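Working through the structure, step by step
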Amino acid sequence: MTSGNETDTWVDANTIRTPAYSEPTEDDVLALQEGVAEAADAMAWQISERARAHRAAGGDAPDRVVLSGDYQLALLHALRQTAAAVEKRAAAAAKVAGLQGASYTKIGEAWGISRQSARVKWPDAVPSRADLPQPPVTVQHAGGTAAVLHHQATDRWMFTAVAADGTHHTSAPDYPTSTLAADDAKACLAEHTTSTVAWTSAHCGAENGTAQPSACAFCSTRRTD
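The paragraphs below set out a description of the structure included in this document. (Residues numbered from 1 in each chain as written. Predicted model: local features only at pLDDT ≥ 70, side-chain atom pairs only at ≥ 80, totals over all residues. Heavy atoms only, no water.)

Turning next to the overall build of the protein chain. Within the protein chain, the secondary structure is distributed over 7 helices and 6 strands. Along the protein chain, helices (α) and strands (β) appear in the sequence α-α-α-α-α-α-β-β-β-β-α-β-β when read from the amino end. Going through the 225 residues of the protein chain one by one, you find that 25% of them count as buried. Taking as baseline every contact in the protein chain between residues at least 6 positions apart, the subset at least 24 positions apart corresponds to 39%. On the protein chain, roughly 14,500 Å² of surface is accessible, and the fraction owed to carbon and sulfur atoms is 54%. (Helix = DSSP H or I, 4+ residues; strand = E, 2+ residues; numbered from the N terminus. Buried < 20%, exposed > 50% of the residue type's maximum accessible area, 1.4 Å probe, protein only. Contact = heavy atoms within 4.5 Å. Areas by Shrake-Rupley, 256 points an atom, 1.4 Å probe, with all protein chains shown as cover.)

Next comes the structure, spelled out in C-alpha cells:
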C-alpha cells in the first residue's frame, strides 16, 4: 500500500515542466563557485606532496605552502578532477532528461550551447521515439482509478491504483505487457469498492444493492464487468 495521490505523483514525475528552471541569482552562482573551490582546495591539500611532508613531520602544513608552485600544480590537478566529475554528472543529467522527453534544444539551452552542439556532446542522450518510455494508461473500474506505467529501466509494466474505498496500491514492475498490468489493476480496484455504489445489470437493468455482487440479485445474470 502507498500514501495518497500516488497515481498523480507517478504521472507528474514523467511530465517535463515548462520552464524547467529559473535562472540562478548572483548569490546562487557565488555559493556554487565557493563550494567547488572548497572541494578542490580540500583535495589539493590532501594530494600535495609538500603538504604531506609537513603533516608527516608532525604538524599541519603552514599557510605559505599554498603559495608554492608545486602546490598550485596539485590544485590544478584537483580542479581537473572537479571538471571531470562535472562532465560525468552532466552526461547523466542530459541522458535522464532525454529519456523523459527533453529535446536536444532544451538540453543545449540548459548547458548554454546549441542544439547541434548538444547532440555532438551527448549523442545518446535523446533516444529514438521507439526507445522512449511508453505513455501511461489510465484504467477506471469499480469506482476507482489506476495508472498503468512503463518502467523504463526493466522494460516492464506496473500499476498504481486508488480504489473507490480510498485504498492505494502500487505493484512491482513485473508485467511484460500493459494489458496484463491493466487486468490486475482492475482486479485490485474491484476488491476495494464501496457498498454505496449500486451495480446495474446489463441484462435486466435492475440495480443491485451492493457494488460487488457475483451475480444479479434479480435475474441471476453473472457479473462480467
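From this point, the discussion proceeds with the structure in view.
Next up on the list: the nonpolar core. Ranked by internal contacts, the top residues of the largest apolar core, which has 13 residues, are Ala-146, Val-148 and Phe-159. At the level of secondary structure, the elements contributing two or more residues to this core comprise β2 (144-151), β3 (156-162) and α7 (178-190). Per-element accounting of this core gives the leading share, 5 residues, to α7. With residues up to four places along the chain from it excluded, the contact list for Val-148 reads Pro-135, Pro-136, Val-137, Val-139, Trp-157, Met-158, Phe-159, Ser-178, Ala-181 and Ala-182. Judged by nonpolar contacts, the second largest core, of 8 residues, contains Ala-90, Ala-102, Ala-118 and Trp-122. (Core = buried A, V, L, I, M, F, W, Y, C linked by side-chain atoms within 4.5 Å.)

With that out of the way, let us pick up a nonpolar patch on the surface. Taken together, the side chains of Leu-73, Leu-76 and Leu-79 make up a nonpolar region of the molecular surface, amounting to roughly 300 Å² of accessible area. Among the secondary structure elements, Leu-79 is positioned in helix α4 (residues 69-99). For Leu-79, a relative accessible area of 39% corresponds to the partly exposed category. (Patch = residues over 30% accessible without salt bridge, like charges linked within 9 Å, V, L, I, M, F, W, Y side chains within 5 Å. Salt bridge = Lys/Arg side-chain N within 4 Å of Asp/Glu carboxyl O.)

Attention now moves to the side chain of His-168. Tracing the chain through its elements places His-168 in strand β4 (residues 168-170). A distance of 2.9 Å separates a polar atom in the side chain of His-168 from the backbone oxygen of Gly-166. (Polar contact = N/O pair within 3.5 Å; in protein donor to acceptor, adjacent residues only side chain to side chain.)

This part is about the sheet that holds β2. Spatially, β1-β2-β3-β4 is the arrangement adopted by the 4 strands of the open sheet, whose pairing is antiparallel. Every interior strand has two partners, whereas the edge strands, β1 (137-141) and β4, have only one. When the angles between neighbouring strand axes are averaged without regard to direction, this sheet yields 20°. The sheet contact formed by β1 and β2 spans 5 bridges and is antiparallel. (Pairing = 2+ DSSP bridges. Axes fitted to C-alpha atoms, helices over the stretch in contact; angles between N-to-C directions.)

It is worth spelling out the pattern of salt bridges at this point. Counting across every chain of the model gives 4 salt bridges. A salt bridge links Arg-52 to Glu-49; the shortest N-O distance between them is 3.3 Å. With a gap of 3 residues between them, Arg-52 and Glu-49 both fall in helix α3 (residues 49-56), about one helical turn apart. A relative accessible area of 56% places Glu-49 in the exposed class.

In the contact formed by helix α2 (residues 26-47) and α3, the axes pass within 5 Å of each other and the chain directions differ by 60°. Residue-level contacts link Trp-45, Gln-46 and Ile-47 of α2 to Glu-49, Ala-51, Arg-52 and Arg-55 of α3. Its residues assigned to classes, the contact of α2 with α3 shows 3 nonpolar, 1 polar and 3 charged. (Nonpolar A, V, L, I, M, F, W, Y, C, P; charged D, E, K, R; others polar.)

Now for α4. Taking 1.5 Å as the rise per residue, α4 with 31 residues should run 45 Å; its terminal C-alpha atoms sit 45 Å apart, in good agreement. Within α4, burial applies to Tyr-71, Ala-74, Leu-75, Ala-78, Ala-90, Ala-94 and Gly-98. Where α4 ends, the next residue or the one after it, Gly-101, has phi of about 110°, a positive value. (Expected span 1.5 Å × (residues − 1).)

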